[in-house]
Amino acid sequence: MTARLIRKSWWVDFRFDHTRLRKRSPENSRAGARAYETALRHRLAQGEDITRRKGLAEQQNFAAFVPKWFEEYVVPNNKPGEQRVKKYTFSASLVPFFGRMAIPEIGVRDVEHYKAKLIREGKSHKTINNHLTMLRKCLHTAFDWLEIKGTPPKIMWLKCPPPRTDYLATEECDLLLEHSTGIMREVLLAALRTGMRQGELKGLQWTSVDWSNRSVTVRHSQSDYTKSLGSPKGNRERHVPLDIDLHETLSARRKSEGYVFLDGNGQPFTHKKVSAALAEVCHRAGLRKIGWHTLRHTFATHLSMNGTPLNIVQALLGHSSITTTMRYAHVAPSALRTAIELANPRTARVASIGQPVGNRWQERQLQNGPQ
């Protein structure tokens, strides 16, 4: 194999069927150039003409397409936070790797090289899968917009371990509330009793509180990036009942409009402020350091532990899929144990749901008497 470093760029330079082929490697390394040469030789062996001039769409490389895709697809269809994550991921990782490649030439092997690179860098499988999801959407859009013949490369996602769900015990919730005061105590109480996301709590409006039905309509989310109100995640409204403690707390300072929760300067809370306040309260209460989303996990976990059906938990949390809510299924009581008890003839009578019924084992025990 022939890989050459020319002016800080790696090239492949070899002959095939009496014709010299010289191409810049899409991955700027010796190993990348060697892999690229192997791929080129494989395509040549299959009879593909890699020397022909390509149409304008086929000549466009990945780096040239990404800015257009970002402005015309990502910005209109994604929230500011998602835009920020995608912009960083493409500029820091995806474009440096795939940037020089012509879009139709990006194949399965290139994607596998990218996955291997991220694994070597110590990235988690979840992070790698997030990168691959963004890459897949960008490539599919490119093939559609540029009317490129063929199909984008098939992407195989990595297997991820089930996410660990951290939550507070009832005693820890009490400690958290006991060591918080003022408006921050109200915010924490609302988080623990409604399961609302941080942005939804920061953007909660008095007009969203239904006092007669004692519920709140989650229809806004405060963005730190735009410093304005937007829609909740998934762009769906949901209704969450207020328990008696939260209802009494909010009723004590009821207003007709405006933000429900404002900081000491009369401004909407930011992620930095509420996170710092939560860390301080945890320190005073002697609790471990937790993230804001732990409060949402706590709400859902306690519902499940108390026997709330998962479809109800899903509705209260605003999950688009029950699959997301299933992470709380392991703490649901009785249902699985009842099924096991029903399978055992010695415990089926006790575990049966509804009108108890006998069984043959029990009847024999009653006829024969105690042994």
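Residues numbered from 1 in each chain as written. Predicted model: local features only at pLDDT ≥ 70, side-chain atom pairs only at ≥ 80, totals over all residues. Heavy atoms only, no water.

J.: Requested: an account of the overall build of the protein chain, with residues and values cited.
T.: Looking only at helices and strands, the protein chain has 17 helices and eight strands in total. Partitioning the contacts of the protein chain with sequence separation of at least 6, the portion at a separation of at least 24 is 59%. Accessible surface, the protein chain: about 22000 Å² in total, of which carbon and sulfur atoms supply 52%. (Helix = DSSP H or I, 4+ residues; strand = E, 2+ residues; numbered from the N terminus. Contact = heavy atoms within 4.5 Å. Areas by Shrake-Rupley, 256 points an atom, 1.4 Å probe, with all protein chains shown as cover.)

J.: Tell me about empty space enclosed by the protein, residues and numbers included.
T.: Evaluation of the coordinates by the stated rule reveals one cavity of 30 Å³ or more. One number sums up the size of the largest cavity: a volume of about 40 Å³. Lining the largest cavity are Ala190, Thr194, Met196, Leu204, Val216, Leu242, Leu246, Leu250 and Phe261. Of all the elements in the fold, those that place two or more residues in the lining of the largest cavity are helix H8 (182–194) and helix H10 (244–251). Class assignment for the residues of the lining of the largest cavity results in eight nonpolar, one polar and no charged. (1 Å grid on protein atoms, 1.4 Å probe; cavity = no way out; pocket = protein on both sides within 12 Å on 5 of 7 lines; lining within 4 Å. Points joined across faces, edges and corners; volume = space filled by probe spheres on them. Nonpolar A, V, L, I, M, F, W, Y, C, P; charged D, E, K, R; others polar.)

J.: Go over the sheet that holds strand E3 (residues 19–24), please, and point to the residues and values.
T.: Pairing in this open sheet of three strands is antiparallel, and the strands run E1-E2-E3 from one edge to the other. The sheet is open, and its two edges are formed by strand E1 (3–6) and E3, each paired on a single side. Strand-to-strand, the axes of this sheet are offset by a mean angle of 30°, without reference to chain direction. As paired strands, E1 and strand E2 (residues 9–16) are joined by four bridges and run antiparallel to one another. Paired with Arg4 across the strands is Trp11, a residue of E2. (Pairing = 2+ DSSP bridges. Axes fitted to C-alpha atoms, helices over the stretch in contact; angles between N-to-C directions.)

J.: Quick one: what's the story with the sheet that holds strand E5 (residues 215–218), residue by residue and with numbers?
T.: A sheet is described by the order of its strands in space; here three strands give the open sequence E4-E5-E8, paired in antiparallel fashion. The sheet is open, and its two borders are formed by strand E4 (209–210) and strand E8 (238–241), each paired with just one other strand.

J.: Help me get a handle on the confidence of the model for the protein chain, residues and values and all.
T.: On average, residues of the protein chain carry a pLDDT of 86, and 89% of them reach 70 or more. This stretch, residues 353–363, has a pLDDT under 50; its non-local contacts, to residues over four places away or in other chains, come to 12 contacts. (pLDDT = per-residue confidence, 0-100.)

J.: I'd love a proper account of the packing of aromatic side chains, names of residues and values included.
T.: For any two aromatic rings, the description comes down to two numbers: the centre-to-centre distance and the angle of the planes. Under the counting rule described, the total for this entry stands at nine aromatic pairs. Between Phe65 and Trp145 the ring centres are 5.9 Å apart and the planes differ by 65°, which places this aromatic pair in the edge-to-face class. Of this pair, Phe65 sits in helix H3 (residues 62–77) while Trp145 sits in helix H6 (residues 125–145), and the two are 80 residues apart along the sequence. Residue Trp145 is classed as partly exposed on the basis of its relative accessible area, which comes to 32%. (Phe/Tyr/Trp six-rings, centres within 6.5 Å; stacked < 30°, edge-to-face > 60°. Buried < 20%, exposed > 50% of the residue type's maximum accessible area, 1.4 Å probe, protein only.)

J.: Explain the side chain of His131 residue by residue, including any values.
T.: By secondary structure assignment, the location of His131 is in helix H6. His131 has contacts with Thr89, Ser93, Leu94, Tyr114 and Leu118, leaving out every residue within four places of it along the chain.

J.: Now, about helix H13 (residues 310–317): what can you tell me, with residues and values included?
T.: Looking at H13, one finds that the buried residues are Leu310, Val313, Gln314, Leu316 and Leu317. Each buried residue of H13 lies within a common arc of 165° when the element is viewed along its axis, so the set occupies one face. Looking at the packing, one finds that the buried side of H13 touches H8, E8, helix H12 (293–305) and helix H14 (322–325). Just downstream of H13 lies Gly318, where phi reads positive at about 80°. (Arc of directions from axis to C-beta.)

J.: Which residues make up the packing of H3 against helix H4 (residues 80–98), and what values go with them?
T.: With their axes 11 Å apart at the nearest point, H3 and H4 run at an angle of 165° to one another. Judged by the inter-axis angle, H3 sits roughly antiparallel to H4. Every pair of crossing elements has a handedness; the one defined by H3 and H4 is right-handed. Of the residues in H4, those touching H3 at Phe62, Ala63, Val66, Trp69, Phe70, Val74 and Val75 are Gln83, Lys86, Lys87, Phe90, Leu94, Val95 and Phe98. Among the residues making up the contact of H3 with H4, the classes are represented as 11 nonpolar, one polar and two charged. (Parallel < 35°, antiparallel > 145°, perpendicular 65-115°, else oblique. Left-handed = near helix turned anticlockwise from the far one by under 90°.)

J.: Which residues make up the pattern of salt bridges, and what values do they have?
T.: The tally for this structure, following the rule as stated, stands at 17 salt bridges. In this structure, the salt-bridge partner of Glu37 is Arg41, at a minimum N-O distance of 3.0 Å. Of this pair, Glu37 and Arg41 both sit in helix H1 (residues 30–45), four residues apart, which is roughly one turn of that helix. In this structure, Asp243 engages Arg193 in a salt bridge whose closest nitrogen and oxygen atoms are separated by 2.6 Å. Here Asp243, found in the loop between E8 and H10, pairs with Arg193, found in helix H8; they are 50 residues apart in sequence, far enough to count as distant. For Asp243, a relative accessible area of 24% puts it in the partly exposed group. By relative accessible area, Arg193 is classed as partly exposed at 28%. Via salt bridges that share partners, Arg4, Asp13 and Arg20 belong to a single interconnected network. (Salt bridge = Lys/Arg side-chain N within 4 Å of Asp/Glu carboxyl O.)

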